[in-house]
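# A look at the structure
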Amino acid sequence: MTAVQRLSRDSSIIAWRNLLNLRRTPGSVIAALVQPVMFVLLLAYVFGGSLGGAEYRTFLMGGIFAQAVTFNAAFTALGLAHDMDKGIVNRFRSLPMPAMAVLLGRTLSDLTMSAVTLVVTSLCGLLVGWRIAASPVDALLAYLLILLFAFAMSWVGAAIGLTARSVEVAQSAGLIWLFPVTFISSAFVSTHTMPGPLRTVAEWNPVSATATAVRRLFGNPPPAGLPTSDTWPVVHAAPYAVTCACLITGASMLLALRRFRRITLG
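Keep in mind that this is a model prediction, so the values were computed, not measured. (Residues numbered from 1 in each chain as written. Predicted model: local features only at pLDDT ≥ 70, side-chain atom pairs only at ≥ 80, totals over all residues. Heavy atoms only, no water.)

Moving on, we get to the overall build of the protein. Of the regular secondary structure elements, the protein holds twelve helices and zero strands. Tracing the protein from N to C terminus, the helices and strands come up as α-α-α-α-α-α-α-α-α-α-α-α. On C-alpha atoms alone, the protein measures out to a radius of gyration of 19 Å, which is about the 18 Å that the 2.2 N^0.38 rule sets for 266 residues. Taken along the three principal axes of its C-alpha coordinates, the protein extends 60 × 35 × 35 Å. Counting across all 266 residues of the protein, residues that qualify as buried make up 49%. For the protein, the exposed surface amounts to about 12,600 Å²; the carbon and sulfur share of it is 69%. (Helix = DSSP H or I, 4+ residues; strand = E, 2+ residues; numbered from the N terminus. Rg over C-alpha atoms; globule rule 2.2 N^0.38 Å. Buried < 20%, exposed > 50% of the residue type's maximum accessible area, 1.4 Å probe, protein only. Areas by Shrake-Rupley, 256 points an atom, 1.4 Å probe, with all protein chains shown as cover.)

For the rest of this paragraph, the subject is the environment of Val242. As for its position among the elements, Val242 is in helix H12 (residues 237–264). The exposure class of Val242 is partly exposed, given its relative accessible area of 34%. Setting aside its immediate chain neighbours within four residues, Val242 contacts Leu145 and Leu148. (Contact = heavy atoms within 4.5 Å.)

Where helix H10 (residues 206–218) meets H12, the closest approach of the two axes is 8 Å, and the angle between their N-to-C directions is 135 degrees. Taken as axis vectors, H10 and H12 run oblique relative to one another. Of the two elements, H10 crosses H12, and the hand of that crossing is left-handed. Between H10 and H12, the contacting residues are Pro206, Ala209, Thr210, Thr212, Ala213 and Arg216 on the first element and Ala237, Ala238, Tyr240, Ala241, Cys244 and Ile248 on the second. The class makeup of the residues in the contact of H10 with H12 is nine nonpolar, two polar and one charged. (Axes fitted to C-alpha atoms, helices over the stretch in contact; angles between N-to-C directions. Parallel < 35°, antiparallel > 145°, perpendicular 65-115°, else oblique. Left-handed = near helix turned anticlockwise from the far one by under 90°. Nonpolar A, V, L, I, M, F, W, Y, C, P; charged D, E, K, R; others polar.)

Next up on the list: the packing of helix H1 (residues 3–21) against helix H5 (residues 99–127). H5 packs onto H1 with a crossing angle of 50 degrees between their chain directions and a minimal axis gap of 7 Å. Viewed along their axes, H1 and H5 adopt a mutual orientation that is oblique. Where H1 crosses over H5, the two elements pack in a sense that is right-handed. Residue-level inspection shows Leu7, Asp10, Ser11, Ile14, Ala15, Arg17, Asn18 and Leu19 of H1 in contact with H5, the latter providing Met100, Ala101, Val102, Leu104, Gly105, Arg106, Leu108, Ser109 and Thr112.

In a regular helix each residue adds 1.5 Å, so 13 residues correspond to 18 Å; H10 covers 18 Å between its end C-alpha atoms and thus fits that length. Within H10, eleven of the 13 residues are buried, which leaves the element mostly enclosed by the surrounding structure. Among the residues of H10, those classed as buried are Val207, Ser208, Ala209, Thr210, Ala211, Thr212, Ala213, Val214, Arg215, Leu217 and Phe218. In the stretch just after H10, Gly219 is the one whose phi turns positive, near 75 degrees. (Expected span 1.5 Å × (residues − 1).)

Turning our attention to the side chain of Ser252. Position of Ser252 among the secondary structure elements: in helix H12. Those residues in contact with Ser252 that sit more than four places away from it in its chain are Trp155, Val156 and Ala159.

Time to look at the environment of Leu111. One can find Leu111 in helix H5. In sequence terms Leu111 and Asn220 are 109 residues apart; their C-alpha atoms lie 25 Å from each other.

Turning our eyes to something else, we now look at the packing of aromatic side chains. This model, assessed by the stated rule, comprises 15 aromatic pairs. Relative to Tyr143, the ring of Phe65 has its centre 6.1 Å away and its plane inclined at 70 degrees; by these criteria the two rings are edge-to-face. On the criterion of sequence distance, the pair formed by Phe65 in helix H3 (residues 54–85) and Tyr143 in helix H6 (residues 136–163) is long-range, its members being 78 residues apart. Overall, the relative accessible area of 0% leaves Phe65 in the buried class. The positively charged end of Arg215 is found above the aromatic ring belonging to Phe59, 3.6 Å away from the centroid. (Phe/Tyr/Trp six-rings, centres within 6.5 Å; stacked < 30°, edge-to-face > 60°. Lys NZ or Arg CZ within 6 Å of the ring centre and 35° of its normal.)

Below, the discussion takes up the environment of Leu126. Within the secondary structure layout, Leu126 lies in helix H5. A sequence separation of 68 residues divides Leu126 from Thr58, and the C-alpha atoms of the two residues are 9.2 Å apart.

Here we take up the nonpolar core. The biggest cluster of nonpolar side chains holds 47 residues, and the ones touching the most others in it are Ile64, Phe65 and Phe218. For this core, the secondary structure elements donating two or more residues are helix H2 (26–51), H3, H5, H6, H10 and H12. If one sorts the elements of this core by residue count, H3 sits on top with twelve residues. Residue contacts for Phe218: discarding those within four places in its chain leaves Phe65, Trp130, Arg131, Ile132, Ala133, Ala134, Ala139, Ala142, Tyr143 and Ile146. (Core = buried A, V, L, I, M, F, W, Y, C linked by side-chain atoms within 4.5 Å.)

Set out below in structure tokens:
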């Protein structure tokens, strides 16, 4: 058996174990699924009326998708920190399996959770009036882009979970960065109302690029009164989003693997 085959086999076993283990923590699963639904309803009906009504609710969904999979990084951080705290990771390391298999198994299982989150969020979006106005191929590409970004965020969560010294620290560290990253973006509003430096950060934010690219692929234009930008990351949102997701995945993977080996080897 080649090294790639071993990695694939072992990581799939770990991923399946993580998914089965979700039965013991149904509260975390419910929270991961309810959170995007809550944001859809709040933003669509509390703020949506003053931001464009039905047009804004359609525009909103691209940002909700990007935010939902970003927030799932906390799910990864907490799950990995919990396994570290219980000594489960050390048991895995005593087995003849690659170190990468433990981390890849965790991120793959959480990628599955992100896919379930997308299904629930999409159904909620349909209920508030969101529709896909593009071809099936473009819609599929939009969902694949979201899942690629979700995979990148899972590796960020893995790096945070391994860096934290306890489950409590992982829970705080896994959440504290999510709100500024998702709200300092074009996920929910136009960046034109933001101050100069903040606007630049928002326009180059990978969350903004993902949300913008997904909207275009779904055929969801911004409301008529919502100003748009013509800066490079906005005009080239799709390639920029893919590039960011790949770079984030690579950097976080290296950091997580290095931290994992340092912890398990003492």
